[in-house]
Amino acid sequence: MSEDRPTVAPEPRRNADGTISVLTLDAGTVRFACPTWCFVEHGYRVPPAKAEITHRSEPVWALADTPEHGPTSLVEVSLVQWPYSDRDAVFLGIQTDDGFLELTPAGARQVATALRTHADHIDTMADQLMHLPAGEGR
């Protein structure tokens, strides 16, 4: 981290008109309104560059409650936007083994299709489990 970059950012300021003011590294104080779906408080550990300001919806997890392990999270999705970056569109953010991916509607639909296909595969394997002879594989 640069010696010039403070280690703690000041808290964002909520303005009377509902906008938020955030101190940035490269553009001073930036004042903006959040989209209706944004749930973040815009507090940053260190002052962000203007392009790092992020809108994010509340994450939604696909959860499974199994008899063996109880509740477990499978995949997280949220809306995400960097309004001052060169990629200012709203994306579907999805947490995967490959990291955090930003998807367009077409990419999000492909993930949904893959998850439905995989769910069918899991059902098929569960049926297979039910029909295995007791003790097989010992």
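Provided above is the structure to which this section pertains.
Residues numbered from 1 in each chain as written. Predicted model: local features only at pLDDT ≥ 70, side-chain atom pairs only at ≥ 80, totals over all residues. Heavy atoms only, no water.

*Asks:* Looking at this structure, how should I read the packing of aromatic side chains?
*Replies:* One pass over the full model with this rule turns up one aromatic pair. Judged by centre distance (6.3 Å) and plane angle (70°), the rings of Phe32 and Tyr84 are edge-to-face. One end of the pair, Phe32, is in strand E3 (residues 28-32); the other, Tyr84, is in the loop between strand E6 (70-81) and strand E7 (91-96), and 52 residues separate them in sequence. (Phe/Tyr/Trp six-rings, centres within 6.5 Å; stacked < 30°, edge-to-face > 60°. Helix = DSSP H or I, 4+ residues; strand = E, 2+ residues; numbered from the N terminus.)

*Asks:* In this structure, what is going on with the nonpolar core? I would like to understand it.
*Replies:* The tendency in soluble globular proteins is for nonpolar side chains to be buried as a group. In terms of nonpolar packing, the biggest core is built from six residues, these being Ile20, Val22, Val30, Phe32, Tyr44 and Ile53. Only strand E2 (20-24) and E3 provide two or more residues apiece to this core. When residues no more than four places from it in sequence are discounted, the contact partners of Phe32 are Thr19, Ile20, Val22, His42, Ile53, His55 and Tyr84. (Core = buried A, V, L, I, M, F, W, Y, C linked by side-chain atoms within 4.5 Å. Buried < 20%, exposed > 50% of the residue type's maximum accessible area, 1.4 Å probe, protein only. Contact = heavy atoms within 4.5 Å.)

Read these as spatial facts, not as claims about activity.
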